[in-house]
Every structure is written in C-alpha cells, then in structure tokens.
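# An overview of the molecular structure
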Amino acid sequence: MAKSHSAFLLACGLAVLASSMASASVIKNLTVNHLCSDQVVTSANGSLPGPTISVHEGDTLVVHVFNQSPYNISIHWHGIFQLLTGWADGAEYVTQCPIKPSHRYTYRFNITGQEGTLWWHAHSSWLRATVHGALIIYPRSNPSKPHPYPFPTPYKEVPILLGEWWNANVIDVMTEANDVGTTPHMSDAFTINGKVGDLYECSEHDMYILKVVPRKTYLMRIINVGVNLELFFEIANHTLTVVAIDASYTNHYITDNIVIAPGQTVDVLFTSNQLVGSYYMAAHAYISTPRDPPFEKTTTRGIIVYESPTSMTPMKVVLPDFYDNSAAHKFFTSLTSLVDGPHWVPVPLHVDEHMFITIGLNSQLCESGNATCKGALGLRDSAGMNHQSFVLPQTLSMLQAFFYGVSGIYTTDFPDYPVVKFNYTDLSLCFNQSLLIATKGTKVKKLKYNDVVQIVFQNTALIENENHPIHLHGFNFHVLAQDFGIYNPRSDHKKFNLVNPQIRNTITVPTDGWAVIRFQANNPGLWLMHCHLDMHMIWGLATAFEVENGPTSSSTLPPPPKDLPKCLIDPSQVISISYPNIYEERKNY
C-alpha cells in the first residue's frame, strides 16, 4: 500500500511530514547575505535552497501551501506526470489561479512510474529564483531487491542545486525590464547549494563544502534551479559518470564536465579516487551566442575535501569556455536511455500528429503615447512559437475552462506549422522588422487521448539565436535527434534514434539548430509547454496542449479540489448561464 507523505509550505516554507508524525514552521521572508549586502527574499521554510522532499515511487505526496509572502504564488512539481491530477501541476493561470497572500492550497498527487531526481519551484513571475528545492523519488521498497539502482549503490547521495543570485528583489528586476520591454540585467552571481563561492566579493567563506571519504562513490543529484542561464559544471581532477537525466536512467556516460539547462537534472557518480586533498567543483554560464552588452563572466566554486587531507589548498578546475557550443552539443547528444531499465518506455513508432514549431525571440509594437521601449529597434521584446506569442489568461485558469467548457479563455488554433516561413538561421535577417512582430494570443493545440505527437523544434536567428530549453508539463518525451542548421525532413529523419533515445522533460534546442521529440498524450487536461528561460516564458515563448478525456472513468479528468484558488471568474456561474448541459454533467461527476 502506498504511503501518504505530507508537507506544509507555509509562508512559502516547506516542512516534510512523515505519515506518523508531523512538524511545521511558518516562514515569511528570509534575509540572505551575499556579495557584501543583505537581501530580503521569498523563501521556502526559511532556507535557500528550500528543503529536499524525499518520497518513494508509488507514494502519495500532500503539500499544504500557506502563502504569507507579499506575492501571488503557485508551486510546480517539475517533471511529475500528474496522472489525472492536473489540478496539482502548479502552473499559474494554466492549471490553477495563483494562491494569493494569506491564502492556502493543498497539492495532492501520486508518484507513479517515476524514480530519480526532480525538483519543485514557484511558477509565478520570477519567484522560482529563491523558491525551489529538490524532489527525490526513490525506488519502491522491495525487500527482495536490496540494490535498488541499476548501478552499484553509492556510499552517499548529495543534491547539488546550481542557482542564480541577484543583489536585488527579483520581482523588481523583472518588472523594471518589462516596463520598458527589454532584457533584465543578468544575475550578480551563481550559487552551489545557496553559496556563491570564493571568487565573488566578500565571499571567502560563502562556500559550499562537501566532505568525502577516500575511495568511495557518491551520487550527485545535480539540478539547474537558475532562472535564465545554462551552466557548465566540473570537479577538478575527477571524472563524472552520468547515470540519469530528468529522472530517467541512462547508459553510463563518462565525462569531465556536464552542461545543464534551467529545469534539467543530471545524476552523476563520482569516486573519491584521487590523492587525498581538496578539489574545487565549479560552475559557470554556457552562453550559446555572444551577448550585447556582454555578460559578467563569473564562476561559482565549492570545495570537495577528502577526509584527513594532506593539503587544504584546493586543486583548481578548468571549465569549458563560456561560448563552447561544441562541448555543450557533444554532451547533449551523447546521452542514451537505459533500455529495459526501471520505468523505461520504448519509442512509439506510429505518429498521429506531426508539428513543426519555430521558436525564438520576436518583438511587439511599443505602446502608443509617450511610452519608451528599449527592445530591439525601439520595439518591445517578445518571444513566441510559430510566430504566436503566448499570453496567460488572468481571469480563469485554462484547466478550469477546459473542465467546465468555458469559452473565451483560450482557443485551439495553434498552428501545426510556421505561419511565417523564412531562412530560419540566416543571421542577416535577425533584425528584419517584417519578420519580428509575433501575434499575441492564447492559442493551444488540441489532442485526442493517446495521440502520439512528434514535434520538430526549429530555432531561429531573430534578434538572438540562442539555445532554448523547452519544458513540457505532464509528460516525458523521447529525444529522437538534434543538430545544427535547418531541419530537412528528406534527410534528417535518418538521424533518428528509435532504439534507446534519451528520455527527458526539458530539451535544449541548439543555437542555429533543431531538435525532434515524440510523446504520447495519455493524460487528459491542459499542459503547458514553454521555454525555461523565465524571461522568454514571460515574453510569450510558450503554448499548451489540450488533451481530451479518454473513453473511461480512469482516463477522465476528475473535478477540481474544493480549495482550488479562486479566480476572478466563477466558472460555475458562467457555465450555468452559457453551458447548462455541460455544467449539469460535471456537477454529477
């Protein structure tokens, strides 16, 4: 029988409750000192990063959220399938309206068919910069299987959360940039488990330190919890063996370094098999395209210290260059899934829906009057998919509109192919104003239950041809292929891996390149798909899938919980007037 694990997220704080005992703490704001100054942040349980939640596959997780921050908030369980529990997905205005200050909501969902490293984070504005934590799913308890992993049991497991830090209120940073329609200033530092490292000002002792026993193997559960930047990560003089990504087991891949995008997780084994001493671990940005103005080239460092070290001077680490596209591409394309490993799913060979989606930055016209826009060409920066720039509704969540049949919240006419066609990777077109303006709207793609969908993501060179990490809520997908250039359907299908492709929930689409994914829409509801660079999401680099109910009660979305946060529109009042038959059917569910 599955256990029920409960947690309280009070004032954006989190305390895990075992089934037989309970504890809770109320945290409002947290003052953190980095880079010579104090900064008040919204935090989880008074810590940054927030606490790790550990469950087993088959468990039910219950999280009571009491928001005592000054901001609206929702919590997303990144990578969790949410099978028939879409109301708990936590995407603001997609599956729920936000939890207002001094209000609460209970997330309740089963952990089914998944194990490995995932994470949880705020899905409102930029609050995930400080409201986040690891979500570790251990294999289902099995006395007959004492070694639960498809690799030797590690001596110890260590979450490594790589983040970004601003010496400012992140909501103010986002708002100020949005007011003038331009890119917000970059983070002031990177962090390892909340520590910035000794290369920053006033930070000699602001270091994450991991003490290890010689000749032991450790499992590092690495998560990029950052907001806007992909990162290289490496440990001096040690190799890393990748064994899982996004809570999906992989064939072992040995490497000196990894690259990890916001939203992604990478599990690696490392063995303390070097001379007894101290070694830096480090992370810095992977920038897929030069930026104007240039970004601050900073690095965060932590230290691995062997037991009884002969020297306390750490060995330095040399990371790949900030602009090393080849190193990043090699890592991303070298990973394959562990066939017949726990929860492995073969590639569906029949495809019901083919989509070709261009992704990238766009523009929108500056507001009339005396408004000043500081985006490209004096316009307001925007972003989109297939020249459609996504706008979140503000009156009712999309999932409520789906469930109750409310019209006017979104439309189901997201195009399967680009509405504007051009030479997508031609840098000479990057500021062609006739191509820049994207249509604003809330358009989704409608799918039948169990449809198999194949998507070609094509990056574009408009404004800035950078690598984009695309995250799909509610599903994993197979990554069939990825490469540079413009996707050619006549020849590039020959590059597809249909045997053991990597399985992910967040895919990086190469700069000046493309990626192909395939997934089965076996979960009814409304599922967001968006760039996990937060400003791009806010600008509109997103869409969603409306997945119809299946033919049985076990494939039909249940009604929302009674404590679902209130929206500006009461769906029952709208439906009782406009959709009486649908409303009566749903009332009697």
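These remarks concern the structure in this document. Numbers given to residues run from 1 along each chain, matching the order in which its sequence is written. Whole-chain, interface and lining totals are the exception, using all residues; otherwise, since this is a predicted model, local features are given only for residues with pLDDT of at least 70 and side-chain atom pairs are given and counted only at 80 or more. Side-chain metrics rest on all non-hydrogen atoms present in the structure, leaving aside hydrogens and water.

### Regarding the pattern of salt bridges
- By convention in these notes, a salt bridge is any Lys or Arg side-chain nitrogen within 4 Å of a carboxyl oxygen on Asp or Glu. Tallied over the entire structure, the rule returns 11 salt bridges.
- A salt bridge links Arg140 to Glu57; the nearest nitrogen and oxygen atoms lie 2.9 Å apart. Note that Arg140 is positioned in the loop between β10 (132–138) and β11 (156–165) and Glu57 in the loop between β5 (53–56) and β6 (60–67), a separation of 83 residues in sequence.
- With a 1.4 Å probe rolled over the protein chains alone, any residue whose accessible area is under 20% of its type maximum counts as buried; one over 50% counts as exposed, and the rest are partly exposed. By relative accessible area, Glu57 is classed as buried at 8%.
- Salt-bridge contacts for Asp416 lead to Lys445; the nearest nitrogen and oxygen are separated by 2.9 Å. You can see Asp416 sitting in the loop between α3 (398–404) and α4 (433–436) and its partner Lys445 sitting in strand β26 (residues 445–447), a full 29 residues away along the chain.
- In this structure Asp416 comes out as partly exposed when scored by relative accessible area, which is 22%.
- Given the relative accessible area of 9%, Lys445 is considered buried.
- Salt bridges sharing partners connect three or more residues here, namely Glu157, Arg221 and Asp267. Starting at the N terminus, helices and strands are each numbered in turn, a helix being any DSSP run of H or I of at least four residues and a strand any DSSP run of E of at least two.

### Some words on the side chain of Gln96
- Within the fold, Gln96 resides in the loop between β7 (75–78) and β8 (103–110).
- Residue Gln96 is classed as buried on the basis of its relative accessible area of 0%.
- Note on contacts: a residue pair qualifies if any of its non-hydrogen atoms lie within 4.5 Å across the two residues. Those residues in contact with Gln96 that sit more than four places away from it in its chain are Ser74, Trp87, Gly90, Ala91, Tyr105, Tyr107, Ser397, Leu564 and Pro565.

### Quick word on the sheet that holds β11
- Pairing within the open sheet is mixed, and its 6 strands lie in the order β12-β11-β14-β19-β16-β17. Looking at which strands have only one partner, the edges of the open sheet turn out to be β12 (189–192) and β17 (248–255). Within this sheet the neighbouring strands show an average axis-to-axis angle of 25 degrees, counted without direction.
- As paired elements, β11 and strand β14 (residues 217–224) share 7 bridges and run parallel to each other. Paired with Ile160 across the two strands is Ile222, which belongs to β14. Pairing between strands requires that DSSP locate at least two bridges from one strand to the other. Lines are fitted to the C-alpha atoms to define the axes, a helix being fitted only along its stretch in contact, and any angle between axes, read from their N-to-C directions, falls within 0 to 180 degrees.

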